[in-house]
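One letter stands for each residue in the lines below.
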Amino acid sequence: MSKFRLVAPFMIVMLVLTACPAGDGGTTGSTAPGGSTAPGGSDGGSGSGAEGDGSITVTSLWGGAEETAFTAVLEAFTEKTGIEADYEANRTDYATVLRTRIQGGNPPDVAIIPGIGTLRSLAREGSLISLSELGIDQASIEGNYAPGILDVGVVDDELYGIMVKLNSKATIWYSPERFEELGVEPAEDWDGLLALTEDIKAGGGTPWALGAADGWTLTDWFEITYLKMNGVEAYDALFSPDGDWTDPTVQAAIDQMLTILNEENVDGGVDGASATAFVDAVAKVFSTSPSAELYYGGGFVGGIATGADVNEELQGQEGTAIDWFPFPTIDGNGEGLVTYGGDVMAALVNDSDVKAFMEYLTTAEAGQVWAEGGTIISPIVDVDTGVYPTSLIQAEAEQVTSAEAVRFDGSDLLPAGPDLGALLQSAFRGDDTAGLLEEFQAAITTAWEEE
Amino acid sequence: MAVASRPASRDPRPKQRGDGFQINWTAILFLLPAALLLIIFLVFPAIFTVGLSTDRGRGGEFSEFVGLRNFINLFTNDPNFLRLGFPPSGALWNNVLWVIFYTFLCVFLGLLIAVMATRVRYEAIIKAIVFLPMAIAATAIGVIWSFVYFPNPNTGLLNALLGIFGIGPVAFLGSPDTVNWALIAVGVWGSVGFATVILSAALKGISTEVLEAARVDGASERSIFFKIIIPMVSLPISVVGVTLVVNVIKLFDLIYVMTRGGPGTSSRTIAFSMYQEAFPAGRYGYGAAIAIVMLLLLVPVLIFNVRRFSSERVTA
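This one's a predicted model, so the numbers in the text were calculated from it and none came from an experiment. (Residues numbered from 1 in each chain as written. Chains lettered and ligands numbered in written order. Predicted model: local features only at pLDDT ≥ 70, side-chain atom pairs only at ≥ 80, totals over all residues. Heavy atoms only, no water.)

Caption draft 1: Representation of empty space enclosed by the protein in the model. Residue and element names in this part refer to chain A. With the rule as written, the count across this model stands at 2 cavities of 30 Å³ or more. Considering only enclosed or pocket space, the largest cavity measures out at about 270 Å³ in volume. When residues of the lining of the largest cavity are assigned to their parent elements, the largest contribution, 3 residues, is made by helix α4 (residues 116–124). Here the residues of the lining of the largest cavity sort into 5 nonpolar, 7 polar and 7 charged. (1 Å grid on protein atoms, 1.4 Å probe; cavity = no way out; pocket = protein on both sides within 12 Å on 5 of 7 lines; lining within 4 Å. Points joined across faces, edges and corners; volume = space filled by probe spheres on them. Helix = DSSP H or I, 4+ residues; strand = E, 2+ residues; numbered from the N terminus. Nonpolar A, V, L, I, M, F, W, Y, C, P; charged D, E, K, R; others polar.)

Caption draft 2: Representation of the packing of aromatic side chains. Considering all chains together, one arrives at 40 aromatic pairs over all chains under this definition. Aromatic side chains F225 of chain B and F226 of chain B sit 5.1 Å apart centroid to centroid with 85 degrees between the ring planes, which places their arrangement in the edge-to-face category. Taken together, the aromatic side chains of F222, Y226, Y235, F239, W245 and F440 of chain A make up a single cluster linked through ring pairs. The ring of Y256 of chain B has R260 of chain B lying over it, and the distance from NZ or CZ to the ring centre is 4.1 Å. (Phe/Tyr/Trp six-rings, centres within 6.5 Å; stacked < 30°, edge-to-face > 60°. Lys NZ or Arg CZ within 6 Å of the ring centre and 35° of its normal.)

Caption draft 3: Structural detail: the sheet that holds strand β7 (residues 171–174) of chain A. All names here are of chain A. Taken in spatial order, the 3 strands make up an open sheet running β8-β7-β9, and their pairing is antiparallel. Each edge of the open sheet carries a strand with a single partner, namely β8 (295–296) and β9 (323–326). Pairing between β7 and β9: 4 bridges, direction antiparallel. Residue pairing in the sheet places Y174 in a bridge with D323 of β9. (Pairing = 2+ DSSP bridges.)

Caption draft 4: The arrangement of the pattern of salt bridges in detail. All names here are of chain A. Applying the stated criterion across every chain, the model contains 22 salt bridges over all chains. We note a salt bridge from D267 to K284, for which the minimum N-O separation is 3.1 Å. Of this pair, D267 sits in the loop between α10 (248–258) and α11 (269–274) while K284 sits in helix α12 (residues 278–286); the two residues are 17 residues apart in sequence, bridging distant segments of the chain. Since its relative accessible area comes to 15%, D267 is described here as buried. (Salt bridge = Lys/Arg side-chain N within 4 Å of Asp/Glu carboxyl O. Buried < 20%, exposed > 50% of the residue type's maximum accessible area, 1.4 Å probe, protein only.)

Caption draft 5: The confidence of the model for chain A, seen in detail. All names here are of chain A. With 89% of its residues at a pLDDT of 70 or more, chain A shows a mean pLDDT of 87. Here helix α1 (residues 2–31) is the element of chain A with the lowest mean pLDDT, 43, and β8 is the one with the highest, 97. Per-residue pLDDT stays below 50 along residues 13–47; that stretch engages in 42 contacts with residues further than four places along the chain or on separate chains. (pLDDT = per-residue confidence, 0-100. Contact = heavy atoms within 4.5 Å.)

Caption draft 6: Representation of helix α14 (residues 352–361) of chain A in the model. Residues and elements named next belong to chain A. Of all the residues in α14, the buried ones are D353, V354, F357, M358, Y360 and L361. For α14, the angular spread of buried residues about the axis comes to 160 degrees, placing them on one side. If you check the start of α14, you find a side-chain oxygen 3.0 Å away from the backbone N of D353, and it comes from D351. (Arc of directions from axis to C-beta. Polar contact = N/O pair within 3.5 Å; in protein donor to acceptor, adjacent residues only side chain to side chain.)

Caption draft 7: Fine view of a nonpolar patch on the surface. All names here are of chain B. Among the surface-exposed residues, W93, V96, I100, F101, F104, L105, F108, L109, L112, M116 and W181 lie close enough to one another that they form a single nonpolar patch of about 980 Å² accessible area. The element that contributes the greatest number of residues to the nonpolar patch is helix α4 (residues 91–117), accounting for 10 residues. Mapped onto the elements of the fold, L112 is located in helix α4. (Patch = residues over 30% accessible without salt bridge, like charges linked within 9 Å, V, L, I, M, F, W, Y side chains within 5 Å. Areas by Shrake-Rupley, 256 points an atom, 1.4 Å probe, with all protein chains shown as cover.)

Caption draft 8: The arrangement of the packing of α4 of chain B against helix α8 (residues 179–204) of chain B in detail. All names here are of chain B. For the pair α4 and α8, the least separation of the axes is 6 Å and the interaxial angle reads 40 degrees. The pairing of α4 with α8 is recorded here as oblique in orientation. The interaxial crossing formed by α4 with α8 has right-handed handedness. Looking at the contact of α4 with α8 residue by residue, the class counts come to 20 nonpolar, 7 polar and no charged. (Axes fitted to C-alpha atoms, helices over the stretch in contact; angles between N-to-C directions. Parallel < 35°, antiparallel > 145°, perpendicular 65-115°, else oblique. Left-handed = near helix turned anticlockwise from the far one by under 90°.)

Caption draft 9: Seen up close, the domain arrangement of chain B. Residues and elements named next belong to chain B. In terms of domain boundaries, chain B breaks down into domain 1 (44–81 + 268–296) and domain 2 (88–267). Distance from the C-alpha centre of domain 1 to the C-alpha centre of domain 2: 31 Å. Each partner contributes residues to the interface: domain 1 has 12 residues there, and domain 2 has 19 residues. At the boundary of domain 1 with domain 2, total buried surface from both sides reaches about 1300 Å², with 66% on carbon and sulfur atoms. Contact with domain 2 buries surface across domain 1, with R268, T269 and F272 losing the most and accounting together for 47% of the total. Between domain 1 and domain 2 we count 0 salt bridges in total. Linking domain 1 with domain 2 are 8 residue pairs in polar contact (both at pLDDT 80 or more), by the criterion used here. No other element matches helix α13 (residues 270–278), which puts 5 residues into the side of domain 1 that touches domain 2. (Domains from an automatic or database assignment. Buried area = accessible area lost by both parts, 1.4 Å probe.)

Caption draft 10: Region of interest: the side chain of R120 of chain A. All names here are of chain A. Tracing the backbone through its elements, the reader meets R120 in helix α4. The class of R120 is buried, set by a relative accessible area of 10%. Apart from the residues lying within four places of it in its own chain, the contact partners of R120 are V155, L413, L414, P415, W448 and E451.

Structure below.
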């Protein structure tokens, strides 16, 4: 062992030498982004940010039409303020890239945050700049938004993320032309939806397409069903740290879903649908050779169905070859209740350019430019619905603004870890859900605590 | 320790002159660059990871000491990592399946191909074909097989073939029941060439005199295979086996490219879980705990390997 004794003191010296700079890097890394990470910053106080250098970088995972629509917003911002705004898209591994940039001490100035769980964890680790730290008063912008929408971006009573775009998730997509051929009509309540499903089958068609390979398509189904059946209070409670997933209402909502999503009603049966991804499921209804009649999914389905991935010929045929009807009420409940999904944007650097950009995002002017791109609904109330380029999006915007209550996509609110989508995939395949829900309850409780 | 009990003649260390040790500065100077790199990029991160695994690890830094809570949650309250029951599931269990079936199939098929190939004239061609996947990057293998498994028969080769017999289409990667087996098959396809080449070389090393002597003594081909060939290549078999086990415990690339751990979380492996928890989900402490579990699983394999290497009997 004398060999080791020779090397040991040497190794210890090396270890100390290498550990020191790394330790330094660690501490500067946590304070560098933004410079001020003092907890409980001044409430609505004056901004402590430095003077900007005249340019900002914004990252998101949007590409294609979504990217085009957003870069128009950035151009309008540059035109107005003279601040250069660069856009960086990371289509894959967005969260990983964002976190790596933060850890490397080189965060983007502003970023869309992928999911509210991520927003919470980034805010709590001190990587995000709250709006009050930037010097933007929450009360002054609150009036620009429908009630409750800004709350989604609040972490520990501080507003960090601004909802910048959203889509209704209470829309069922179909082709009016083909409905006419089949002699059926959109449904207004669940019984009607079941009858519609039967009528399509009786007419020789396949009623539903489902992309169950993507777990989130099923969480969307579950959320709207649960909201319609149980109302906003139960919904808010379920997707909060106090949520009880073993409550019978959860099982009841899953059972309700499965009265439609089953072997007889979905294209390809349970096995086929389990292997179908979201876009492929949309294509089953809207491609040039359709194999199903109905698709439930968010408002963004319209853009995808008429886009290059599915069927560009549908462009200009909105209302005849493609349309949607609102998700029906269930036993008379849930009239005017809408779930929605959306993206929040947050600042990671505290300077005057970033402040100007975040302020700009809250204006109707920015919302208008974005809305004209035709991929999103602006959460800003003063955006005129007339600017939306198609009747489908216009109607979607009206559905959201006239809703009695809107609720954010619940699974996006849950902490990282337990997979509600996987649970629903199992339920869809016919596994016993009671045991899965108990297990999910245990895991989600821990995940909330650990967050 | 085992090292000390070994006969002096086997000890590779030079004998030391005198009692006190002399510092060989030249040797240290030569070791310095390598040692430095190892310490910076291996020893220090490993120690950091051990520390992080007992921490909440917010933002990838030490934030709140949690003791063994990450490990306890990992084994008792994370169905994505380990769900006991029948059948068990989760990343750890998937990795157990990988270790057993991938390693066994690679060694078994590798030996089979090697033995059969030595008996035909076009041996080189067969071995080249079997070895070919080794020349393809694992990510490329993943992409190729994603197409082979594609559910739509117009794209998916396998489903087009099944379609001829009126079966399917089967979503090999879309169902939790089949996904792990489909992935293991890809892994075997990618690695069997490695086993074949090594074992084939080992077979060549068996002296023909031994085999001829056995045949003269009237041994059947079957007993020659099981009583002579297998024992004589047992060491190369274990080398191949251990290498494959190490490869498979840290398996990440195929999963990442082909399924991203899905559908749901049903095809995750330990390494993929580590990535998923630490990076996209930002639970660095939890991810570090998974990394430590992986390290602990690798330690016995590595000890086995190191001891065998130091026994200097690697070449048969």
